[in-house]
Amino acid sequence: MIQPSQTSINIIGAGRVATHLATCFHQLGYKVPSVFSRTESSAQRLAQQVGAMACTDLAALPVADIYILSVADAALASLLPTLQAVATNALVLHTAGSMPLSLLSERFPNCGVLYPMQTFSHGRALNYREIPLFIEANNAQALTQLTALAHSVSDHVYELDSEARKMLHLSAVFACNFANHCYTMADEILRKINLDYTILLPLIQETTAKLADLSPREAQTGPAVRNDQNVIQRHLNLLADKPSLQAIYSQLSSSIHRFATASAQPLPTKNETNPSAPMINYDLTKIKALAFDVDGVLSDNNVLLLSDGKNPNRTANIKDGYALQLAVKCGLEIAIITGGRSPEVGMRYAGLGIDHVFMGVSVKIEKFREWLADNQLAADEVLYMGDDIPDYKVMKACGCPCCPIDAAEEIKQIALYVSPKCGGHGCVRDVVEQVLRAQGKWMSDAQAFGW
């Protein structure tokens with residue numbers, strides 16, 4: 001665990017992202033000794049907000065535990081030679097979505113990337129705990145430190161390599177920057193009839209809100225979807241004096257229609273148990289088996305102690321059960337590995353068609369390896385979901401470690417995916433459904449519609 005009051009962070013940059021991050025770290029109790037900017041007024045402005053020293057000479061930065069570079073991509077490389085002489089033993093991070101980790105790893109022994117996927121504006125407050133943070137580091141020590149730092153800021157932290165992050169950044173440009181430019185063009189059209197763009201806000205808000213329940217392809221409406229050439233031509237005529245807007249309108253309409261009529265297999269819809277949750281960042285098509293703990297995963301964190309002294313009662317989630325029996329029918333190997341000995345637990349999961357229910361397991365990693373060998377499974381073909389320290393070694397050994405959102409902090413730090421669902425409240429359905437969707441087995445035939 002990182003101790004904010006004992007950790008110092010120098011901020012290099014004074015733009016929108018740097019301002020938000022410096023403010024956030026300051027509010028969390030981190031020490032911010034210095035803010036660097038090539039422009040003195042910018043450095044002074046941000047330094048005053050966080051009680052730091054303003055600095056325009058990178059070589060004069062005070063010593064800190066962490067240095068965060070939050071500057072324009074074009075300026076990043078030019079700062080590194082000077083910083084290399086200053087930040088010799090510190091953790092050095094950059095925040096750029098499109099710049100690789102190798103830019104830093106060539107010069108710094110401990111370095112990483114802390115990419116906040118959000119749009120930042122001066123003077124606009126944000127809930128940092130909801131901002132997805134994508135991290136990458138050049139060694140295990142740096143990753144541990146970076147993970148703790150990121151989790152102190154946000155509840156949504158994901159490890160992502162440089163190549164994947166480039167694609168994520170590209171996707172964000174389409175979803176945010178290009179979408180906002182469409183609003184700008186809509187505003188320009190409204191000005192011709194003396195209407196304010198705010199009249200569009202209910203439409204914009206509903207367009208965004210329904211993406212919590214529908215995929216973007218399913219949510220698309222308008223004349224281009226149905227190829228209504230009468231409406232499209234009338235719109236193009238209205239833009240006769242704006243040839244650049246005409247061209248954009250035509251390109252977007254053609255693209256929308258191509259997506260709507262594509263003969264390729266439809267994209268999988270979002271996870272109905274939590275439509276807004278990020279997907280597991282793993283090639284789920286190669287998953288052949290899934291294994292689960294019971295207490296805190298298949299059941300919640302509570303047990304009912306009985307007066308007769310017998311095994312305590314546990315609950316089971318019905319939707320988890322449906323997903324598990326469907327996974328078995330679809331040919332996936334399923335295992336339950338628990339330290340508990342309640343016969344009711346064994347009966348419940350055997351009744352769902354699960355052959356491998358291991359009860360009273362004191363050292364889970366041994367049973368896990370035995371199960372892999374018996375079923376000729378490779379570790380990277382297995383998704384495991386645990387929630388506490390007894391699951392730690394199995395989480396480290398499997399290919400796709402997952403956990404519920406109320407798992408122990410140590411488990412969340414090593415999980416590739418943290419489900420937004422709690423143990424016993426749909427976290428198992430969440431991951432099983434994602435695997436089956438990725439493999440084209442979710443609602444794929446008649447067996448999906450029964451038990």
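Because the structure is a prediction, the values reported are computed rather than measured. (Residues numbered from 1 in each chain as written. Predicted model: local features only at pLDDT ≥ 70, side-chain atom pairs only at ≥ 80, totals over all residues. Heavy atoms only, no water.)

**Student:** Explain the pairing of strand E12 (residues 382–385) residue by residue, including any values.
**Tutor:** Consecutive side chains along a regular strand alternate between the two faces of the sheet. Of the two faces of E12, the one carrying Val382 and Tyr384 and the one carrying Leu383 and Met385 are both buried. As paired strands, strand E9 (residues 289–292) and E12 are joined by four bridges and run parallel to one another. What sits directly across from Ala289, in E12, is Val382. Looking at chain direction, E12 and strand E13 (residues 400–403) are connected through three bridges and run parallel. Across the sheet, Tyr384 pairs through a bridge with Pro401, a residue of E13. For the crossover that starts at E12, traverses helix H14 (residues 392–397) and ends in the parallel E13, the hand is right-handed. (Buried < 20%, exposed > 50% of the residue type's maximum accessible area, 1.4 Å probe, protein only. Helix = DSSP H or I, 4+ residues; strand = E, 2+ residues; numbered from the N terminus. Pairing = 2+ DSSP bridges. Right-handed = clockwise from strand over helix to strand, strands pointing away.)

**Student:** So what's going on with helix H1 (residues 16–27)? Which residues, and what values?
**Tutor:** When the terminal C-alpha atoms of H1 are compared, their 17 Å separation across 12 residues agrees well with the 16 Å that a helix rising 1.5 Å per residue should span. Among the residues of H1, Ala18, Thr19, His20, Leu21, Ala22, Thr23, Cys24 and Phe25 are the ones counted as buried. Buried residues along H1 sit against strand E1 (9–12), helix H2 (40–50), strand E4 (66–69), strand E6 (111–116) and helix H5 (140–153). Count one or two residues on from H1 and you reach Gly29, which has phi positive near 100°. (Expected span 1.5 Å × (residues − 1). Contact = heavy atoms within 4.5 Å.)

**Student:** Can you tell me about the nonpolar core, naming the residues and giving the values?
**Tutor:** When a protein is soluble and globular, its nonpolar side chains tend to lie buried together. In this structure, Ile11, Phe25, Leu114 and Leu149 are the most contacted members of the largest nonpolar core, which totals 34 residues. Of the residues forming this core, the biggest block, six residues, is contributed by H5. Leaving out residues up to four positions away in the same chain, Leu149 has contacts with Ile2, Ile9, Phe25, Tyr30, Ile66, Leu93 and Leu114. By size, the runner-up hydrophobic cluster in this structure holds 33 residues, among which are Tyr322, Leu326, Cys402 and Cys427. (Core = buried A, V, L, I, M, F, W, Y, C linked by side-chain atoms within 4.5 Å.)

**Student:** Explain the layout of surface pockets to me, and be specific about the residues and the numbers.
**Tutor:** Taken as a whole, the second largest pocket holds about 460 Å³ of empty space. Leu143, Thr147, Glu159, Gln413 and Ile414 are the residues nearest the centre of the second largest pocket, which is lined by 22 residues in total. Among the secondary structure elements, those contributing two or more residues to the lining of the second largest pocket are strand E7 (133–137), H5, strand E8 (157–159), H14 and helix H15 (409–414). For the lining of the second largest pocket, the element with the highest residue contribution is H5, accounting for five residues. Looking at the lining of the second largest pocket, its residues break down into 12 nonpolar, four polar and six charged. (1 Å grid on protein atoms, 1.4 Å probe; cavity = no way out; pocket = protein on both sides within 12 Å on 5 of 7 lines; lining within 4 Å. Points joined across faces, edges and corners; volume = space filled by probe spheres on them. Nonpolar A, V, L, I, M, F, W, Y, C, P; charged D, E, K, R; others polar.)

**Student:** Would you mind going over the pattern of salt bridges in detail, with residue names and values included?
**Tutor:** If you walk through the whole model with that rule in mind, you get 14 salt bridges. The network of salt bridges with common partners includes Asp293, Lys364 and Asp391. (Salt bridge = Lys/Arg side-chain N within 4 Å of Asp/Glu carboxyl O.)

**Student:** Tell me about the environment of Asp380, residues and numbers included.
**Tutor:** Tracing the backbone shows Asp380 in the loop between helix H13 (364–374) and E12. Judged by its relative accessible area of 37%, Asp380 is partly exposed. Between the alpha carbons of Asp380 and Lys288 there is a distance of 9.2 Å; along the sequence they are 92 residues apart. The residues contacting Asp380, other than those within four sequence positions of it, are Tyr282, Lys286, Ile287 and Gly399.

**Student:** Mind laying out the confidence of the model for the protein, listing which residues take part and the relevant values?
**Tutor:** Chain-level pLDDT for the protein is 90 on average; 92% of the residues reach the 70-or-more range. Between the elements of the protein, mean pLDDT differs from a low of 86, seen in helix H10 (residues 243–261), to a high of 98, seen in E4. Here residues 263–277 scores under 50 on pLDDT; set against residues more than four positions off or in separate chains, the count is 31 contacts. (pLDDT = per-residue confidence, 0-100.)

**Student:** For the environment of Arg369, give the residues involved together with the corresponding values.
**Tutor:** Secondary-structure assignment places Arg369 in helix H13. Taking relative accessible area as the criterion, Arg369 reaches 54% and is therefore assigned exposed. Distance from Arg369 to Val394, taken between C-alpha atoms, is 8.7 Å for residues 25 residues apart in sequence.

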